[in-house]
2 protein chains.
Amino acid sequence: MQMHLYVIVRSMKKEPGETTIRVWARLLRAQHAAQSQVEKALKDAGFPPLSWYDVLLELERGDQAGQRPFELERHLLLPQYGLSRLLDRIEAAGYLERRPCADDARGQVVVITRAGRQLRRKIWPTYSAALKTAVSDRLSGKEQETLGMLLGKLIN
Amino acid sequence: MQMHLYVIVRSMKKEPGETTIRVWARLLRAQHAAQSQVEKALKDAGFPPLSWYDVLLELERGDQAGQRPFELERHLLLPQYGLSRLLDRIEAAGYLERRPCADDARGQVVVITRAGRQLRRKIWPTYSAALKTAVSDRLSGKEQETLGMLLGKLIN
DNA sequence: GACATATAGATGCATCTGCATCAAGATTGA
DNA sequence: TCAATCTTGATGCAGATGCATCTATATGTC
């Protein structure tokens, strides 16, 4: 396979081309469209925002033991102080508990409550229906595979 | 081409599958990663946030005449009150002017100032370099075409 | 052990956002 | 023409977020 000069030059240029800008613009718009559909569906059904679901789900994943905030932080797209305050709110609503951490007196262990599990379970049908509308109704299985793969390249 | 029963069933199921959920998660993460890289680059260079650039660019597109807020609103991903206050800030910084609208006394025409044009021009190198790092360094031209096309299906 | 440094998590303050609503002017329709 | 309704844009208030910093504990080094 030959690589022509203009291809090399094209790939070396500093200015992002039209295609790049279109990807960028659509990435913002597609994310915005999908997320706002989902958030709206949750709100309309009287549920808390997506971030609450994410926290609860993440807490359910991590066994009975609970998880440390700094661990949660890596899975959720939140800064430290954002998570701290999100946990405040979810705790105040009774869906999780913060317990002192045996190993590390600075830290804490966050544990989901029974009510938290129930809430997460109740949210899922609404959430999944919204995902269907926002994503899977719009793309074939193969397209989803491809899109997931390409988006993966933009992460990290 | 034959369509097997299990394919039909798969495509009809209500629950989003693994693939859908992966696309969804990656869409959020990829957007977050790309946008925060860009915002950080702007901030580090002492520039205002991306939304300011978007407004200024949009104002430059629309000729000398300026644009009405409700027109801008359609191009920028902001709610009406968000735009109203963003315009307050940009105006206060001297990069745009709000003028009364001749045709419609309720409305106004937003016009970019000379300083606004200058600012937009000065931001571009930083913005485009960040875009290169966040997007075009990570995907070939063909991949960008495909990604743009697929993201387009999630919009509207 | 004692000190310097690093890490976990919270918080005061300023800013930004979302929601509901408002005021003022435009449009419609009897 | 005049009331009802719609559209444009602003804003008060509550809540969320970003930033810087703080406290407390842990860890590493001598």
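Structure's up top.
Note that the structure is a prediction, hence the values are computed from the model and not measured. Per-chain numbering applies: the sequence of each chain, read as written, is numbered from 1 onward. Chain A is the first chain written and ligand 1 is the first ligand written, with later ones labelled in order. For a predicted model such as this one, the threshold for reporting local features is a pLDDT of at least 70, and the threshold for listing and counting side-chain atom pairs is 80 or more; totals across whole chains, interfaces and linings nevertheless cover every residue.

The criterion for a residue being near a molecule or strand is simple: its C-beta atom, placed using the backbone, must lie within 6 Å of it. Near DNA strand D lie 20 residues; those nearest to it are A:Ala105, B:Phe70, B:Tyr81, B:Ser84 and B:Gly107. Elements with a minimum of two residues in the surface near DNA strand D: α5 (80-92) of chain A together with α4 (69-75) and α5 (80-92) of chain B. The way it works is that DSSP assigns letters per residue, a run of H or I at least four long becomes a helix, a run of E at least two long becomes a strand, and they are numbered from the N terminus.

So, on to the packing of helix α6 (residues 114-136) of chain A against helix α2 (residues 18-44) of chain B. Angles run from 0 to 180 degrees between N-to-C directions of axes, and those axes are lines fitted to C-alpha atoms, restricted for helices to the stretch in contact. It is at 10 Å that the axes of α6(A) and α2(B) come closest, and there the two elements cross at 75°. The orientation of α6(A) with respect to α2(B), classified from their angle, is roughly perpendicular. Residues A:Leu131, A:Val135 and A:Ser136 of α6(A) pack against B:Thr20, B:Val23 and B:Trp24 of α2(B). Just so you know the grouping, Ala, Val, Leu, Ile, Met, Phe, Trp, Tyr, Cys and Pro go in nonpolar, Asp, Glu, Lys and Arg go in charged, and all remaining residues, Gly too, go in polar. Looking at the contact of α6(A) with α2(B) residue by residue, the classes come out as 4 nonpolar, 2 polar and no charged. Working rule for angles: under 35 degrees goes down as roughly parallel, over 145 as roughly antiparallel, 65 to 115 as roughly perpendicular, anything else as oblique. Note on contacts: each residue gets a C-beta atom placed from the backbone, and two residues are in contact if those atoms are within 7 Å.

As a matter of local geometry, DNA strand C sits amid 19 residues, with A:Phe70, A:Tyr81, A:Ser84, A:Gly107 and B:Ala105 nearest to it. Broken down by secondary-structure element, the contributors of at least two residues to the surface near DNA strand C are α4 (69-75) and α5 of chain A together with α5 of chain B. When residues of the surface near DNA strand C are assigned to their parent elements, the largest contribution, 5 residues, is made by α5(A).

Alignment of copies: least-squares fit on C-alpha atoms of residues with pLDDT of at least 70 in both copies. When chain A is fitted to chain B, the residual RMSD is 0.0 Å, and the transformation amounts to a turn of 180° plus an axial shift of 0.0 Å. Put plainly, the chains are arranged around a two-fold axis. Comparing interface residues between copies, 100% of those in chain A also lie at the interface in chain B; the contact surface is shared.

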